Amino acid sequence: MEDALADGASVVDVRSPGEFAAGAIPGAVNIPVDELRDRLADVPEGELVVHCAVGLRGHIAARILAAHGRRARNLDGGYRTWTAGTASGAAQTA
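So, here's what we can say about the structure. Because the structure is a prediction, the values reported are computed rather than measured. (Residues numbered from 1 in each chain as written. Predicted model: local features only at pLDDT ≥ 70, side-chain atom pairs only at ≥ 80, totals over all residues. Heavy atoms only, no water.)

### Concerning the pairing of strand β3 (residues 48-51)
Residues in a regular strand point their side chains to alternate faces of the sheet. Both faces of β3 are covered, namely the face carrying L48 and V50 and the face carrying V49 and H51. Sheet topology places strand β1 (residues 10-13) next to β3; four bridges connect them, and they run parallel. Looking at β3, one finds that V12 is bridged to V50. Bridge count for β3 against strand β4 (residues 72-74) is three bridges, and the pairing is parallel. Counted as the bridge partner of V50 is N74 from β4. Traced from β3 through helix α3 (residues 56-67) to β4, the parallel crossover comes out right-handed. (Buried < 20%, exposed > 50% of the residue type's maximum accessible area, 1.4 Å probe, protein only. Helix = DSSP H or I, 4+ residues; strand = E, 2+ residues; numbered from the N terminus. Pairing = 2+ DSSP bridges. Right-handed = clockwise from strand over helix to strand, strands pointing away.)

Structure below.
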């Protein structure tokens, strides 16, 4: 994710607003996967890294975005894995 962010990618968190409020990757934009099709105009321009809690909703979001001509990658393991990695010092925060 660090490389994608360094190259200008934006992070889109597709979890619910409640999940997002409980903790989020710094700089992420929250657009719940259930609202994504209706809120495509709210999705940042350029390359995207999408994520949910563990990966399923992120995968669905990446497919929706790809179907609309956007370049999106799903963050493997989602927020839970990112949190575990940053807590252990294995990764940098966004």
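### With respect to the sheet that holds strand β2 (residues 29-30)
Pairing is parallel in the open sheet, where four strands are placed in the order β2-β1-β3-β4. Each end of this open sheet is capped by a strand with a single partner; those strands are β2 and β4. Its contacts with the sheet put α3 on β3 and β4, and the angle it makes with β3 is roughly 145°. (Contact = heavy atoms within 4.5 Å. Axes fitted to C-alpha atoms, helices over the stretch in contact; angles between N-to-C directions.)

### A closer look at the pattern of salt bridges
Scanning the entire structure with this criterion turns up five salt bridges. Among the salt bridges present, the one from R57 reaches E19, with a minimum N-O distance of 2.9 Å. Here R57 is found in helix α3, whereas its partner E19 is found in helix α2 (residues 17-22), with 38 residues between them in sequence. The class of R57 is partly exposed, set by a relative accessible area of 26%. For E19, a relative accessible area of 26% puts it in the partly exposed group. Between E35 and R39 there is a salt bridge, with the nearest N and O atoms lying 2.9 Å from each other. When its relative accessible area of 25% is taken as the criterion, R39 is described as partly exposed. Salt bridges sharing common partners tie together E35, R39 and D42. (Salt bridge = Lys/Arg side-chain N within 4 Å of Asp/Glu carboxyl O.)

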